[in-house]
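A structural walkthrough
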Amino acid sequence: GMRLSNVYDITPKTYLFKLMNSSGITESGESEKVLLLMESGVRLHTTQYVRDKSTTPSGFTLKLRKHVRGKRLEDVRMLGYDRMILFQFGLGSNAHFIILELYAQGNIILTDSEYTVMTLLRSHRDDNKGLAIMSRHRYPVEACRTFERTDFTKLKDTLKLSNTVDGKESSQVTPSSADAQQPSECANDGVPATDKLEEPANRTGKKSAAKFKQSGSDAKASNCTQSNKATLKTLLGEALPYGPALAEHIILDAGLLPSTKVGKDPESSLDDHTIQSLVESVARFEDWLVDIISGQRIPEGYILMQNKMTAKKNVTPSEGSSTNQKVYDEYCPILLTQCNSREYDKFETFDDALDEFYSKIESQRVNQQHKAKEDSAVHRLNKIKLDQENRVHTLRKEADHCITMAELIEYNLENVDAAIKAVRVSLANGMSWEALARMIKDEKKAGNPVAGLIDKLSFEKNCITLLLSNNLDDMDEEEKTAPVEKVEVDLSLSAHANARRWYEMKKKQETKQEKTITAHEKAFKAAEKKTRLQLAQEKTVAAITHMRKVHWFEKFNWFISSENYLIVSGRDAQQNELVVKRYMSKGDL
């Protein structure tokens, strides 16, 4: 009887339906509100957690809002025995149906009162069966399977027939039979109708396929030493439509072993007492199933934990700090007998178990995404900081180089002045730079000490490069053997002036270094602040949090006095009247 207040899209396949009941007043004084979460092909449950919604609704969401928003939810039922849930909004010719498919790739379909498809998430057709799930086509409601209880006479005949069938004929290897010979895995295969919900991905099916391959290779390696007889789990799984997991549960509930070999010889044949035990176990399960389908019973929920060894492999380093942290593996509406030994959490309803399971999984996924973005941001900041340090180091190195050049000139003042004077005189006498280079080369061969100092001529800059070293008397032996440095000097300046020029260049480098450090510090702080703000906003938006309980007085103006009194006043005259009539009682000031 609740009305659909609005529809939101969380992801392209996940939608949130907000249902309101104006007549049902909660403890907070507000209207009763229920958030229904449905994911195509995966799940359907109410939720107590707040999720981030898409800022811009999709076209499918707008179509749902247009046709069903504001209408009353009149009926919710499962179509036959299939994993399809039908929601009816409105009555008569104005009714609209939303059909949720929880099998294969899933689907969410909006139809009119005659089941003509108006919009849907995924179009598909099966020409072999004559089915077309497409827009403007009628949805084949009548094609859904109906639930029928097991014919126990046929079941007994099937089980007795297995005693007379030749072992080779009963041992045809199928994935289900191979899986039956392996240790059981607890999963909710074959339990889709119990609460109109089924686990999205059949993990047990994947495990069964892997086990089938392994069992096939083991059979070859053993040279057919194992018996060709079928197991009881395989036989019952083929006789019942509930899948291998529930077949194993029924066998264990009957006090039998799923791996029991069944054949024609007297030792492996099923006696009447065993068959009767299986029939009674099937009847107990189907009684439970009928109560669930008819709505007479609300199923409990169970969340099974991963094994400790598997959980240690899957847990992240940050999560590993908590030694008692549980890792969710799967969920089911009935605790299968083969899962009794596993660790699990029990919930009052299957709906609560689903909400807890998926909310935690989504929260972990969001935290991992946030952690990845945080690591990327830290890496980016470290890169900026490293670039700053490299630039400062380069400027400091250049300043040290200028000091070294100036000191070398000061250590060799006479030689520098002599070299400058010699080059100046040669150029003043009209000698070209090429002739000067040849003359210096000849003088070096002749052993001229001044010519030996000159390394290179740079006529375009009016400079020469000298080979200088620290030749003071108080040098250590290591310093005396140190290699000479190439020092560039200006021909238009004296030795003292060239040294001063290098000191001035050093001062410029230091000034530039200080400005660079200041500018980079400001830029780094701004980048760090911006990054932290973005991460904080993303964490706030993306967080999946439990809905806070809204108190009745929060819709009014209110505050808590210093004497611990709750002060409430209406926002307008209508609210003032509401406060007096509904909430004010004897003893209130």
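Within any chain, residue numbers begin from 1 and follow the written order of that chain's sequence. Thresholds applied to this predicted model are a pLDDT of at least 70 for local features of residues and 80 or more for the giving and counting of side-chain atom pairs; totals over whole chains, interfaces and linings are not thresholded and use all residues. No hydrogens and no water enter the side-chain calculation; it runs on all heavy atoms of the structure.

Let us look at the confidence of the model for the chain. Predicted confidence across the chain gives a mean pLDDT of 79, with 78% of residues reaching 70 or more. pLDDT is a per-residue confidence score from the predictor, ranging from 0 to 100. Put simply, DSSP marks the helices as runs of H or I at least four residues long and the strands as runs of E at least two long, and each gets a number from the N terminus on. The secondary structure element of the chain with the lowest average pLDDT is helix 3 (residues 175-180), at 36, and the one with the highest is strand 9 (residues 107-111), at 95. Counting interchain partners and residues more than four positions distant, the pLDDT-below-50 stretch residues 166-227 has 104 contacts. Here residues 318-323 scores under 50 on pLDDT; set against residues more than four positions off or in separate chains, the count is three contacts. Residue contacts are defined here by distance: any two heavy atoms, one from each residue, within 4.5 Å place the two residues in contact.

Let us now look at the environment of Phe556. Mapped onto the elements, Phe556 comes out in the loop between strand 21 (545-546) and strand 22 (557-560). Exposure categories follow from relative accessible area, calculated using a 1.4 Å probe and restricted to protein chains: below 20% of the type maximum is buried, above 50% is exposed, and the middle band is partly exposed. Residue Phe556 is classed as buried on the basis of its relative accessible area of 1%. Linking Phe556 and Asn576, residues 20 residues apart in sequence, is a C-alpha distance of 8.9 Å.

The next subject is the sheet that holds strand 9. Taken in spatial order, the five strands line up as 6-7-8-9-10 in an open sheet, and their pairing is antiparallel. Every other strand in the sheet has two partners, leaving strand 6 (73-78) and strand 10 (117-120) as the edge strands with one partner each. Put simply, the sheet's adjacent strands are angled 20° from each other on average, direction ignored. Each pair of strands is called paired provided DSSP finds at least two bridges between the two strands. Angles here are taken between N-to-C directions and fall from 0 to 180 degrees, while the axes themselves are lines fitted to C-alpha atoms, restricted in helices to the stretch in contact.

For the rest of this paragraph, the subject is the pattern of salt bridges. Salt bridges are counted wherever a side-chain nitrogen of Lys or Arg sits within 4 Å of a carboxyl oxygen of Asp or Glu. The tally for this structure, following the rule as stated, stands at 19 salt bridges. A salt bridge links Asp329 to Arg342; the nearest nitrogen and oxygen atoms lie 2.8 Å apart. Pair noted here: Asp329 is in strand 16 (residues 328-332) and Arg342 is in the loop between strand 16 and strand 17 (344-347), with a separation of 13 residues, a long-range link. Assessed through its relative accessible area of 15%, Asp329 is described here as buried. Through salt bridges with shared partners, a single ionic network connects Glu39, Arg43 and Glu362.

Okay, the pairing of strand 10 next. Taken together, the three bridges between strand 9 and strand 10 define a ladder with antiparallel strand orientation. Note on strand 10: the bridge partner recorded for Leu110 is Thr119. A loop of five residues connects strand 9 with strand 10, the two strands running antiparallel in sequence, and Tyr115 in this loop sits at a positive phi of about 65°.

Here the focus is the side chain of His520. Along the chain, His520 turns up in helix 14 (residues 495-542). When sequence neighbours within four positions are dropped, the list of residues in contact with His520 reads Asp387, Gln388 and Arg391.

This part covers the environment of Trp288. Looking at the secondary structure, you find Trp288 in helix 7 (residues 272-294). Each C-alpha atom of the pair Trp288 and Ile334 lies 9.6 Å from the other, and the pair is 46 residues apart in sequence.

What follows deals with the sheet that holds strand 19 (residues 463-468). Strand order in the open sheet formed by three strands is 18-19-20, with antiparallel pairing between adjacent strands. Strands at the two margins of the open sheet, each flanked by one partner only, are strand 18 (454-458) and strand 20 (485-490). Strand-to-strand, the axes of this sheet are offset by a mean angle of 25°, without reference to chain direction. Relative to strand 19, strand 18 is paired through four bridges, and the arrangement is antiparallel. Bridged to Ser458 within strand 19 is Cys463. Across the sheet, helix 10 (residues 413-428) is in contact with strand 18, strand 19 and strand 20; its angle to strand 19 comes to roughly 145°.

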